[in-house]
Amino acid sequence: MATGMSLTFLGIESSCDDTAAAVVTGDRRILSSVVFGQTALHADFGGVVPEIAARAHAEKLDICVEQALAQAGLRLADLDGIAVTAGPGLIGGVLSGVMLAKGLAAGTGLPLVGVNHLAGHALTPRLTDGVGFPYLMLLVSGGHCQFLRVDGPDDFTRLGGTIDDAPGEAFDKVAKLLGLPQPGGPAVERAARQGDPARFALPRPLLDRPGCDLSFSGLKTAVLRLRDDLVAAQGGLHQGDRADICAAFQRAVAEVLAEKTRRALALAPVPTLAVAGGVAANTALRHALEQVAGQAGARFVAPPLALCTDNGAMIAWAGIEAFAQGRRDGLDLAARPRWPLDRKAAPMLGAGKRGAKA
Ligand code: KG4
Ligand code: ZN
């Protein structure tokens, strides 16, 4: 990046169930990154409860920001700007962050930049690996699932995405169906390691349809039916059944994502394929994507897990990129529950338990 190298930004994130703040520099140094999760608060409810999330953000945000500054060894006066997630997401949480950021900007006179949460994820490979434009981003988490061709800090083309659930949601629901702990992704991956992916045949949703759109809700229903059939036939599930179901499910998700990625790379033949989002932690998926990238002659970039999941550093970085392009927001910055990255694309269908997918 030619401009913005010497900038230092605070980034604030509160759009879902993580309260996060970080200090990042324009020359790609993460001086601090603090994340307070809320998993325990929502554990009894089978999903994120927006009111509980908003209250927890409001209670924790200022402590989170204080810790991020302390760990960076900086004061507010040392910063060049404040970036905050202004959407998309659960509106109560987004509002908490935006109000805090406005207060800090008004009190210090520092510039304020409202960041699109999805842009934060999508620009992360530039922070972690210095990836240049253009590149293809596959964003796969509990709330997001889309392919984006990234041509600039504010130039995104959505090539496809889920028409129903996000893949992380499907992992979480499959874990629930099988009595495995939440979050479901790591639990399903662990169980799958002992399983035989070939014992059960699960569908490969939307592979018969051209393009890069994805669907995961049918896969979840297929797992439900498989479980019920086994329980009816055997009177219960054995440990081996759980492992085999998890292995089959994980293989189905990885194969579908790999094939759609192949198509996305054919539509957008760029030098780099990057992933972000919690599901990008899945080893089977990473291997499948790495292979697809290799076959297409593209470099494969997967940021460290802590920067794949929700965090403040990606917001600070996206803020720096926007600021370097001349973007500033006033104290009238709005919190937006929906905010599509690609203004040319039709709005996406479906909104999962983690909030709007934009
Ligand atoms: O990005 P993230 O932390 O939060 C948002 O959804 O924004 O992603 C969390 C999701 C959860 O659904 C979780 O089950 C999934 O990522 N996940 C995984 C793995 N680790 C986390 N899914 C599959 N395999 C994993 N190893
Ligand atoms: Zn996210």
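This is a predicted model, so every value here is computed, not measured.

**Student:** Explain the sheet that holds strand S5 (residues 112–116) to me, using residue names and the numbers behind them.
**Tutor:** If you walk across this open sheet you meet the 5 strands as S3-S2-S1-S4-S5, and the pairing is mixed. The open sheet has two edge strands with one neighbour each: strand S3 (30–37) and S5. Sheet twist, expressed as the average angle between the axes of neighbouring strands with direction ignored, equals 20°. Sheet analysis places strand S1 (residues 8–13) next to strand S4 (residues 81–87), joined by 4 bridges and oriented parallel. By the bridge assignment, Phe9 is partnered in S4 with Gly81. Contacting S1, strand S2 (18–25) and S3, helix H2 (residues 50–72) runs over the sheet at an angle of about 25° to S2. Each of S1, S4 and S5 touches helix H3 (residues 91–108); the most contacted strand, S4, lies at about 155° to it.

**Student:** Describe a nonpolar patch on the surface, naming the residues involved and giving the relevant values.
**Tutor:** Residues Ile91, Leu95 and Met99 make up a contiguous nonpolar surface patch of about 270 Å² in total accessible area. Among the structural elements, Ile91 can be located in helix H3. Looking at Ile91, the relative accessible area reads 36%, which means it is partly exposed.

**Student:** Pulling in residues and values, what's your account of unusual backbone geometry?
**Tutor:** Going from Gly87 to Pro88, the amide bond is cis rather than trans, its omega being -10°. Between Phe133 and Pro134 the backbone carries a cis peptide bond, its omega angle lying at -10°. Mapped onto the fold, Pro134 is located in the loop between helix H4 (117–129) and strand S6 (135–140). Phi is positive for Leu206, close to 65°, though the residue is something other than glycine. With respect to the element layout, Leu206 can be found in the loop between helix H6 (184–192) and helix H7 (217–234).

**Student:** Residues and numbers for the side chain of Thr85, please.
**Tutor:** Looking at the element boundaries, Thr85 is found in strand S4. Here Glu13 takes part through its side chain, which lies 2.6 Å from a polar atom of the side chain of Thr85. Aside from chain neighbours lying at most four places away, what touches Thr85 is Ile12, Glu13, Ser15, Val94, Val98, Val115, His117 and Ile315.

**Student:** I'd like to hear about the coordination of the zinc ion (ligand 2), residue by residue, with values.
**Tutor:** Looking at the metal site, the zinc ion (ligand 2) is ligated by His117 (NE2), His121 (NE2) and Asp310 (OD), spaced 2.1 to 2.2 Å from it. Each donor residue of the zinc ion (ligand 2) lies on one chain, and together they are spaced H-x3-H-x188-D. Highlighted residues: His117 in helix H4 and Asp310 in the loop between helix H10 (305–308) and helix H11 (313–324), separated in sequence by 193 residues. Judged by relative accessible area, which is 1%, His117 ranks as buried.

**Student:** Describe the site of ligand 1, listing the residues and the values that go with them.
**Tutor:** With respect to spatial proximity, 19 residues lie near ligand 1, and among them Gly142, Asp172, Gly185, Glu189 and Asn282 are the closest. The side chain of Asp172 places a nitrogen or oxygen atom 2.6 Å from an oxygen atom of ligand 1. One of the side-chain nitrogen or oxygen atoms of Glu189 is found 2.7 Å away from a nitrogen atom of ligand 1. Contact with the protein chains hides 91% of the accessible area of ligand 1, taken as 560 Å² for the molecule alone. Those elements that provide at least two residues to the shell around ligand 1 are helix H5 (167–177) and H6. Top contributing element to the shell around ligand 1 by residue count: H6, with 4 residues. Class assignment for the residues of the shell around ligand 1 results in 5 nonpolar, 10 polar and 4 charged.

**Student:** Requested: an account of the nonpolar core, with residues and values cited.
**Tutor:** Counting residues in hydrophobic clusters, the biggest one holds 54 residues, and the most contacted among them are Val140, Leu180, Val188, Leu202, Phe216, Phe249 and Leu257. Elements that contribute at least two residues to this core include exactly S6, strand S7 (145–152), H5, H6, H7, helix H8 (239–267), strand S9 (272–276) and helix H9 (283–295). If one sorts the elements of this core by residue count, H8 sits on top with 13 residues. Ranked by size, the runner-up nonpolar core spans 33 residues in total, among them Ala83, Ala119, Ala122 and Leu307.

**Student:** Break down the sheet that holds S6 for me, with residues and values.
**Tutor:** Strand order in this open sheet of 5 strands is S8-S7-S6-S9-S10, and the pairing throughout is mixed. Strands with a single pairing partner mark the edges of an open sheet, and in this sheet they are strand S8 (155–161) and strand S10 (299–301). Sheet twist, expressed as the mean angle between neighbouring strand axes with direction ignored, is 20°. Note: S9 against S10, 3 bridges, orientation parallel. When the sheet's bridge partners are listed, Leu273 is paired in S10 with Phe300.

**Student:** Can you break down the pairing of S4 residue by residue, with the values?
**Tutor:** In terms of burial, S4 is a largely internal element, 7 of the 7 residues being buried. Relative to S5, S4 runs parallel, the two sharing 5 bridges. For Thr85, the partnering residue across the bridge sits in S5 and is Val115. As for the winding sense of the linkage, the β-α-β connection from S4 through H3 to S5 is right-handed.

Reading the values: rules and limits
- Residues numbered from 1 in each chain as written.
- Chains lettered and ligands numbered in written order.
- Predicted model: local features only at pLDDT ≥ 70, side-chain atom pairs only at ≥ 80, totals over all residues.
- Heavy atoms only, no water.
- Pairing = 2+ DSSP bridges.
- Helix = DSSP H or I, 4+ residues; strand = E, 2+ residues; numbered from the N terminus.
- Axes fitted to C-alpha atoms, helices over the stretch in contact; angles between N-to-C directions.
- Contact = heavy atoms within 4.5 Å.
- Patch = residues over 30% accessible without salt bridge, like charges linked within 9 Å, V, L, I, M, F, W, Y side chains within 5 Å.
- Areas by Shrake-Rupley, 256 points an atom, 1.4 Å probe, with all protein chains shown as cover.
- Salt bridge = Lys/Arg side-chain N within 4 Å of Asp/Glu carboxyl O.
- Buried < 20%, exposed > 50% of the residue type's maximum accessible area, 1.4 Å probe, protein only.
- Polar contact = N/O pair within 3.5 Å; in protein donor to acceptor, adjacent residues only side chain to side chain.
- Donors = N, O, S within 2.8 Å, 3.2 Å for Na, K, Ca; no water.
- Near = heavy atom within 4 Å.
- Nonpolar A, V, L, I, M, F, W, Y, C, P; charged D, E, K, R; others polar.
- Core = buried A, V, L, I, M, F, W, Y, C linked by side-chain atoms within 4.5 Å.
- Right-handed = clockwise from strand over helix to strand, strands pointing away.

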